[in-house]
Amino acid sequence: MGLIILLMGLMGCSDDSREVTEPVEVEQQVAIVFSGAMGEERAVTRAETPLKDKVTTFTVYGFKDTGEDTYQQVFPGYRVQWRENTIATSTTNSDGWEYVGQQIPGQTVQTIKYWDYGATAYRFMGVTGSNVTGNYETDEATGTVVYKLTFTADCDNEEDTPYYSHLWYRAISSPDIGRAVKLEFLKPFSKVRFKFIFENPDDAATTVLGDKSFGPMGGTTIKQKGKVTVRYPLTGTSTAEIISVDAEAGGFPAFTQDDHDYTVIPTPSGQEPYKLIVDVDGDPKPAVVPADFMTWLPGYIYTYVFKVHVDGTVTIDAVQSAFTPWSEKTGEHTVYNW
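Quick notes on the rules
Residues numbered from 1 in each chain as written. Predicted model: local features only at pLDDT ≥ 70, side-chain atom pairs only at ≥ 80, totals over all residues. Heavy atoms only, no water. Pairing = 2+ DSSP bridges. Helix = DSSP H or I, 4+ residues; strand = E, 2+ residues; numbered from the N terminus. pLDDT = per-residue confidence, 0-100. Contact = heavy atoms within 4.5 Å. Core = buried A, V, L, I, M, F, W, Y, C linked by side-chain atoms within 4.5 Å. Buried < 20%, exposed > 50% of the residue type's maximum accessible area, 1.4 Å probe, protein only. Axes fitted to C-alpha atoms, helices over the stretch in contact; angles between N-to-C directions.

Details of the pairing of strand 20 (residues 283-289)
Across 7 bridges, the pairing between strand 19 (residues 274-280) and strand 20 is antiparallel. By the bridge assignment for strand 20, L276 is matched with A287. Hairpin connection from strand 19 to strand 20: 2 residues lie between these consecutive antiparallel strands, with D281 at a positive phi of about 55°.

Considerations on the confidence of the model for the protein
Detailed reading of predicted coordinates is not advised where the pLDDT is low. On average, residues of the protein carry a pLDDT of 82, and 80% of them reach 70 or more. For the stretch residues 1-14, pLDDT sits under 50, and the model shows 43 contacts to residues farther than four places along the chain or on other chains. Throughout residues 326-338 the model reports pLDDT below 50, and contacts reaching past four residues in sequence, or to other chains, amount to 45 contacts.

As for the nonpolar core
Formed by 25 residues in total, the largest nonpolar core has its most connected members in F214, F255, L276, W296, Y304 and F306. Of all the secondary structure elements, the ones that give two or more residues to this core are strand 14 (190-198), strand 18 (262-264), strand 19, strand 20, strand 21 (300-311) and strand 22 (313-325). Discounting residues that sit within four places of it in the chain, F306 has contacts with F194, K195, F196, I197, F214, L276, A287, V289, I316, A318 and V319. Counting 23 residues, the second largest nonpolar core, distinct from the first, contains F34, W97, A119 and V181.

Observations concerning the sheet that holds strand 9 (residues 133-138)
Read across the open sheet, the 4 strands follow the order 9-10-16-17; overall the sheet is antiparallel. The open sheet has two free edges, formed respectively by strand 9 and strand 17 (242-247), since each of these has just one partner strand. Here the average twist between neighbouring strands, direction ignored, is 30°.

With respect to unusual backbone geometry
Backbone geometry places D69, a non-glycine residue, at a positive phi of 55°. Along the chain, D69 turns up in the loop between strand 5 (57-67) and strand 6 (70-82). The class for D69 is partly exposed, based on a relative accessible area of 48%. Here D281, not a glycine, exhibits a phi torsion of approximately 55°, which is positive. Within the fold, D281 resides in the loop between strand 19 and strand 20.

Structure below.
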């Protein structure tokens, strides 16, 4: 439905040239347009950059709320493509991204979609890559309907692993309605590192840290490949997506290099405790990180910092951790420090 604007028309109505006005309805349709951005994959700048710098095509799914817990799909998997030097050249291209006129196998030519100001809210989500499955799912316990995207994430093949977007949810009263829908994309990976600091900095010059192993205490492996499912709520009160990972067998037993980024599969539901063993001046020393602090969310870098205390005998008596998001908007947070 377009936006209705009331204009006042002039009409002569008698010999004395008096003028009266009557309302005239003019429908102004506002096209839905898209743009894409992604979080920087390293914590160096933490700046957001356009998605086109990595990929030039993504698929978008869109839904409008038509009442309480009712919805209608308005974008059934439209392909949105970056077109060089086309910004603002059409009503559906405000930032170089265009979806009109593209032929998708098995679908008709993609046509212009307009904002419906009679809806109550809109939801959009997107994904890159071709080996992605999208379908509906209903939670039997709550009755919540979600649209889920499923694909494979492979840490050894980061380039071919799809980006997926956060859920774009706006009530129809939001000022974002009518503007470009900016989808924020990220890879379904976490990055993990560990490092050492010394209670007394002078000990760093005289203490040798040899072989290091930081991995699951129970002997399981650190996963690097799995089936990712991202669930976007279409009903209910939640307005954020939920990611889950069904990890495949394999992986590696432990991190062995400190101050080195390891790309891993996210573990949103947590893991078992992790144990560090490091040779300190030839003597193996242990430290344990509880399971409570081994949850890895996608798009974050987790740093586990082990403090080495040297006083007659060498012990590791403190562990701390901080995580840095790949996106600038979230900032840096301390997870724990004891």
